[in-house]
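# A look at the structure
What follows is each chain in one-letter form.
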Amino acid sequence: MNYKELVKSLKKDKIDNVYLFYGEERFLLLDALKRIKAKILMPETMDMNYVVIEKDSPEECMEAIIENCETLPLFSDYKLVVVKNEEEQLSKLGDKELKRLTNYLEEKVTSPQSSIVLVIIGGEKIDLRKKLYKFIEKIGKIVYFQRLSFEEAVNYAGYFLKKSGKKVKKSDVEYIVKSVGTDLYAIVNEIHKVVCYSDSEEIEMEKMKEVLTINLQQNIFNLVNAIGMKKEKEAYKVLHTLLEKGEVPLIILSMIVRQMRLITKIKSFEGKFGDKKTIASSLGVPYFAVEELMRQSRLFKKEELERAYKECLKCDIALKSGADSSLALEGLVKKLCK
């Protein structure tokens with residue numbers, strides 16, 4: 001089950017007694033939890049019927065679950081018990097304790113008379129082959145909050161902006177997502193800054209650029225693009241922005257190398273693939289990045305890419321030998337802009 005399927009089931013009043021939430025998109029995960037709270041609990045009695053369990057010890061966590069599920073709701077049809085299990089504490093239970101927990105959940109929590117809704121919150125990734133998770137899949141629902149695609153993130157960003165009472169072009173919404181990534185927490189944070197900074201109904205691109213926090217990937221793209229256009233001053237500006245942000249020099253270099261590698265690969269695809277989706281799948285990059293990579297590939301000749309790799313290797317040796325990181329990267333940019 002995913003987020004949309006869960007929301008759909010809640011709208012139809014289909015509520016399970018046991019849920020396991022996990023995945024990379026934590027904004028939607030917490031939104032789903034809020035939706036369950038709003039669906040089954042009344043505001044005036046929420047404090048009495050909403051419990052959050054957070055224990056480091058697997059045994060203590062198990063005992064707390066049983067203890068809180070034993071207590072009936074007060075002035076409410078339901079009681080919501082949330083277990084923070086990001087470190088997979090419960091999957092570390094011994095066979096005896098695990099058997100006790102699963103028996104209790106099956107006999108008491110999922111019984112027709114049960115008034116308990118138990119939500120176990122896992123980490124970004126979990127091993128669904130483990131006994132506990134296989135059991136939950138049998139008696140309840142496992143909801144995976146997958147990282148959003150570029151298109152999904154753009155739709156959410158557009159919705160948030162519209163909700164804020166601002167008008168913005170779709171291309172500008174796409175720019176926001178390209179700049180900050182698809183994580184909704186990052187998107188919401190940046191949109192809040194953009195909305196607060198803009199005093200007009202329609203958000204202007206130039207004002208947006210002044211306040212947006214550009215992510216590492218987009219800055220590397222801007223850096224390589226400036227290098228390809230032989231715009232040395234612009235490339236230095238982006239490089240210094242990265243260094244001032246505290247980005248690790250070796251990571252900056254590795255990202256430059258990665259971008260050069262992608263450009264080299266996409267040049268080798270010329271005439272082989274007809275559609276961008278096939279290229280994106282082959283490269284392992286988002287669909288929207290293909291057009292930008294194709295544009296960048298036209299800025300470099302094959303021999304320039306070969307020279308770029310050699311210069312990156314020299315820079316790597318210099319950085320690992322204790323050379324001044326700023327000077328080493330500036331030297332690399334200067335050579336690549338020739």
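These numbers were taken from a predicted model, which means no experiment stands behind them.

## Details of the overall build of the protein chain
The secondary structure content of the protein chain amounts to 17 helices and five strands. Computed over the C-alpha atoms, the radius of gyration of the protein chain is 25 Å, more than 25% above the 20 Å expected from 2.2 N^0.38 for a compact globule of 338 residues. Seen along its three principal axes, the alpha-carbon backbone of the protein chain occupies a region of about 75 × 50 × 40 Å. With 338 residues in all, the protein chain has 46% of them scored as buried. Considering only intrachain contacts with a sequence separation of at least 6, the fraction spanning at least 24 residues in the protein chain is 78%. For the protein chain, the distance from the average site of its 59 positive side-chain charges to the average site of its 53 negative ones is 6 Å.

## Describing a nonpolar patch on the surface
Taken together, the side chains of Met-48, Leu-74 and Phe-75 define a hydrophobic patch exposed on the protein surface, amounting to about 330 Å² of accessible area. With respect to the element layout, Met-48 can be found in helix H3 (residues 46-49). Met-48 sits in the partly exposed class, given a relative accessible area of 39%.

## Here we look at the sheet that holds strand S5 (residues 141-145)
Reading across from one edge, S2-S3-S4-S1-S5 is the order of the five strands in this open sheet, with parallel pairing throughout. The sheet is open, and its two borders are formed by strand S2 (50-53) and S5, each paired with just one other strand. Averaged over all pairs of adjacent strands, the angle between their axes in this sheet comes to 20 degrees, without regard to strand direction. Bridge analysis of strand S3 (residues 79-84) against strand S4 (residues 116-121) gives six bridges, and the strand direction is parallel. Bridging across to S4, Leu-80 finds its partner in Val-117.

## Examining the pattern of salt bridges
Following the criterion strictly, the structure yields 17 salt bridges and no others. In this structure, Lys-108 and Glu-70 form a salt bridge, with 3.8 Å as the shortest nitrogen-oxygen distance. Here Lys-108 is found in helix H5 (residues 95-109), whereas its partner Glu-70 is found in helix H4 (residues 58-70), with 38 residues between them in sequence. Overall, the relative accessible area of 44% leaves Lys-108 in the partly exposed class. With a relative accessible area of 46%, Glu-70 lands in the partly exposed category. Where salt bridges share partners, they join Glu-311, Lys-314 and Lys-335 into one cluster.

## So, the nonpolar core
Ranked by size, the top nonpolar core spans 83 residues in total, and within it Tyr-19, Phe-21, Ile-36, Leu-80, Val-119, Phe-145 and Leu-223 carry the most contacts. The leading source of residues in this core is helix H13 (residues 249-268), at nine residues. With residues up to four places along the chain from it excluded, the contact list for Val-119 reads Tyr-19, Phe-21, Leu-33, Ile-36, Leu-80, Val-81, Val-82 and Val-83. Counting residues in each nonpolar core, the second largest holds 30 residues, with Ile-53, Val-81, Val-83 and Ile-120 among its members.

## As for the pairing of S4
Burial analysis of S4 places six of its six residues in the buried class, the great majority of the element. Two strands pair when backbone bridges link them, and strand S1 (residues 18-23) and S4 are joined in this way by four bridges, in the parallel orientation. When the sheet's bridge partners are listed, Tyr-19 is paired in S4 with Val-119. Read as a crossover between parallel neighbours, the route from S3 over H5 to S4 is right-handed.

## Quick notes on the packing of aromatic side chains
Under the counting rule described, the total for this entry stands at eight aromatic pairs. On the basis of an interplanar angle of 55 degrees and a centroid distance of 5.7 Å, the ring pair of Tyr-159 and Phe-160 is categorised as tilted. In this structure Phe-160 comes out as buried when scored by relative accessible area, which is 15%. Ring pairing ties together the aromatic residues Phe-27, Tyr-156, Tyr-159, Phe-160 and Tyr-185, which thus form one cluster.

Conventions used here
Residues numbered from 1 in each chain as written. Predicted model: local features only at pLDDT ≥ 70, side-chain atom pairs only at ≥ 80, totals over all residues. Heavy atoms only, no water. Helix = DSSP H or I, 4+ residues; strand = E, 2+ residues; numbered from the N terminus. Rg over C-alpha atoms; globule rule 2.2 N^0.38 Å. Buried < 20%, exposed > 50% of the residue type's maximum accessible area, 1.4 Å probe, protein only. Contact = heavy atoms within 4.5 Å. Lys, Arg positive; Asp, Glu negative; His and termini not counted. Charge placed at Lys NZ, Arg CZ, Asp CG, Glu CD. Patch = residues over 30% accessible without salt bridge, like charges linked within 9 Å, V, L, I, M, F, W, Y side chains within 5 Å. Areas by Shrake-Rupley, 256 points an atom, 1.4 Å probe, with all protein chains shown as cover. Salt bridge = Lys/Arg side-chain N within 4 Å of Asp/Glu carboxyl O. Pairing = 2+ DSSP bridges. Axes fitted to C-alpha atoms, helices over the stretch in contact; angles between N-to-C directions. Core = buried A, V, L, I, M, F, W, Y, C linked by side-chain atoms within 4.5 Å. Right-handed = clockwise from strand over helix to strand, strands pointing away. Phe/Tyr/Trp six-rings, centres within 6.5 Å; stacked < 30°, edge-to-face > 60°.

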